[in-house]
Structures are given as structure tokens and as C-alpha cells.
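Observations on the model geometry
Listed here are the chains, written in short residue letters.
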Amino acid sequence: MDGFERRRERKKQSILEAALSLFLEFGVQKVSMNEIATKASVSQVTIYNYFKNKDRLVEEVIRYYVDKAWQEADIILTSDLPFPEKIKRLIFNKKRSANNIHENFYQHFMKAYTTGDGYMAKLMTKEAIPKMMNLFNEGKAQGYVDPAISNESIFFYIQMMNEYMQKKDVYTKILPLTEDIMHILFYGIVGNKGEK
């Protein structure tokens, strides 16, 4: 990548960061292109040169947000931390994300997930679910997950939740329940029996 391409990429990154920050705090509808340009220290014309229109910018910001969230989760999943610590950190990250996302941006995010180009679904299928299965295998090996529960059952359960959360009448209500849902996924309804 030459100097021009690096500068161009940095400018695009700056726009995505500025837009994400504003969308997370105020939602998509209340943020103007002028506000994004000011925060990114670029002109509105520059934003339109990179993203054509606000809808395209929103799509790219959602993808950027997903990539950042996945990178954080992947660091935890592939770390040498013991199983219970990985679970705590994953739940904490979900809680932090849920507490720091504006409802309007979340609705755009979920709409993109359910009707978008399939980027998030591919990421779930190719990256997230296999690594989650590895996590549960680690839990079994470390004595925290019941080895009698088949991987097929765990996979089916995760897929079932994933598909259910894509329904509009579900995703419009789920944001405040994120931490509880993650807790149930990892600990069940009985509670945190996995602690030794």
C-alpha cells in the first residue's frame, strides 16, 4: 500500500470511528452528515466520496462495529484464560456493548443482520459458532460443561437462539435483556454452578 492509499484508508477509518461514536451515543436518525464530518475532521463531500450516501455509511459503520466486536471476542476465545474467566469476560463485553449502544443504532444493526448482505450471518457461521463450539469443548475438558451434552445439541441451541433473535418482534425488545440471555446461554437457568 503506497502513501496515498494509506492516507485514504486512515481518512476512511476516521470517518467510520466518528460515525460509530455518534451513532452509539445518539442513534442514526439524530446524527447529521455535518456532525460526522466535524467529528472526523473532514468535509461532508469527503464522506460522500467514500460512502455515496448516509445509508451506505450506516451499512459500513455496522460492518465496522461487527468486526471490532468480533475482534474483542476472538481475543478472549483464543486466549489461555480458564473457561470460567472467558465466560465472565464474554458476558461483561456483551453487557458493556448493550449498555453503550443507542436503541436506534441497535435497531439498524439488527435490521442489517436480518435483511442485509449476509455479512454477519457468514461471520457467525464461519467464525463465531466454530469458536464457541471450541469454547464449550474446553469447558468439557476443564470439567465445567457436562460432557454428556453433545456438541450437536449445543450447536442446535445456539442456532435456535440465533434464528429466533432475527425476528423483528424479538430483536426490537431484546437489547435490555442481553446480559441475562448471555448468562442463561452459559450457565443455564439454575445459575452459575460452573464455578469450582
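So, here is what we can say about the structure in this document. Keep in mind that what you see is a predicted model, and the values were worked out from it rather than measured.

Take the nonpolar core next. Core analysis: the biggest nonpolar cluster contains 59 residues, and Ile-15, Phe-23, Ile-36, Ile-47, Leu-57, Phe-105 and Phe-186 have the highest contact counts within it. Considering every element that reaches this core, the biggest residue donor is helix α4 (residues 54-77), with 11 residues. Filtering out sequence-adjacent residues up to four positions away, Phe-23 remains in contact with Val-28, Val-31, Ile-36, Lys-54, Val-58, Val-61, His-102 and Phe-105.

In this structure, Ser-41 is a non-glycine residue whose phi angle is positive, near 60°. Within the fold, Ser-41 resides in the loop between α2 (33-40) and α3 (44-51). Ser-41 gets classed as exposed once you look at its relative accessible area, which sits at 66%. Of note, Lys-52 is a non-glycine position whose phi angle comes to about 70°, a positive value. By secondary structure assignment, the location of Lys-52 is in the loop between α3 and α4.

The next point concerns a positive patch on the surface. A cluster of like positive charges, contributed by Arg-6, Arg-7, Arg-10 and Lys-11, occupies part of the molecular surface. Structurally, Arg-10 is set in helix α1 (residues 3-26). Assessed through its relative accessible area of 54%, Arg-10 is described here as exposed.

Considering all chains together, one arrives at six aromatic pairs under this definition. Between Tyr-65 and Phe-109 the ring centres are 5.8 Å apart and the planes differ by 90°, which places this aromatic pair in the edge-to-face class. Pair noted here: Tyr-65 is in helix α4 and Phe-109 is in helix α6 (residues 103-115), with a separation of 44 residues, a long-range link. There is no split in this pair, since Tyr-65 and Phe-109 are both buried. Taking 5.9 Å as the distance between ring centres and 20° as the angle between the ring planes, the aromatic pair formed by Phe-83 and Tyr-144 counts as stacked. Highlighted residues: Phe-83 in helix α5 (residues 83-99) and Tyr-144 in the loop between α7 (119-141) and α8 (151-165), separated in sequence by 61 residues. Among the aromatic residues, those joined into a ring-pair cluster are Phe-23, Tyr-65, Phe-105, Tyr-106 and Phe-109.

Turning our attention to the environment of Val-45. Considering the arrangement of structural elements, one finds Val-45 in helix α3. For Val-45, a relative accessible area of 54% gives the class exposed. Spatially, the C-alpha atoms of Val-45 and Ala-98 are 33 Å apart, while their sequence positions differ by 53 residues.

The next thing to look at is α2. Within α2, the full set of buried residues consists of Met-33, Ile-36, Ala-37 and Ala-40. Projected down its long axis, α2 shows its buried positions confined to an angular sector of 100°, all on one face. Packing partners of the buried residues in α2 comprise α1, α3 and α4. Among the residues trailing α2, Ser-41 stands out with phi positive, at a value near 60°.

How each quantity is defined
- Residue numbering note: each chain is counted from 1, following its sequence as written.
- Only residues with pLDDT of at least 70 get local features here, since the model is predicted, and only at 80 or more are side-chain atom pairs given and counted; chain-wide, interface and lining totals rely on the full set of residues.
- Think of the side-chain values as coming from all heavy atoms in the structure, minus any hydrogens and water.
- Buried Ala, Val, Leu, Ile, Met, Phe, Trp, Tyr and Cys residues form a nonpolar core when they are joined through side-chain atoms within 4.5 Å.
- Per-residue accessibility, obtained with a 1.4 Å probe over protein chains only, is compared with the maximum for each type, and a residue is labelled buried under 20%, exposed over 50%, and partly exposed between these values.
- A run of H or I in DSSP becomes a helix once it reaches four residues, and a run of E becomes a strand once it reaches two; helices and strands are each numbered from the N terminus.
- Two residues form a contact once any of their heavy atoms are found within 4.5 Å.
- Note on patches: the residues involved have over 30% relative accessible area and no salt bridge, like charges join within 9 Å, and the nonpolar side chains Val, Leu, Ile, Met, Phe, Trp and Tyr join within 5 Å.
- Computed with the Shrake-Rupley method and a 1.4 Å probe, the accessible areas treat only the protein chains shown as cover for residues.
- By definition, a salt bridge exists where a carboxyl oxygen of Asp or Glu is found within 4 Å of a side-chain nitrogen of Lys or Arg.
- Only four residue types enter the tally: Lys and Arg on the positive side, Asp and Glu on the negative side; His and the chain ends are excluded.
- The atoms used to mark charge sites are NZ of Lys, CZ of Arg, CG of Asp and CD of Glu.
- Two rings from Phe, Tyr or Trp (for Trp, the six-membered ring) form a pair when their centres sit within 6.5 Å of each other. Planes less than 30 degrees apart are called stacked, planes more than 60 degrees apart edge-to-face, and all others tilted.
- Each C-beta atom gives one direction from the helix axis, and the arc is the one those directions make.

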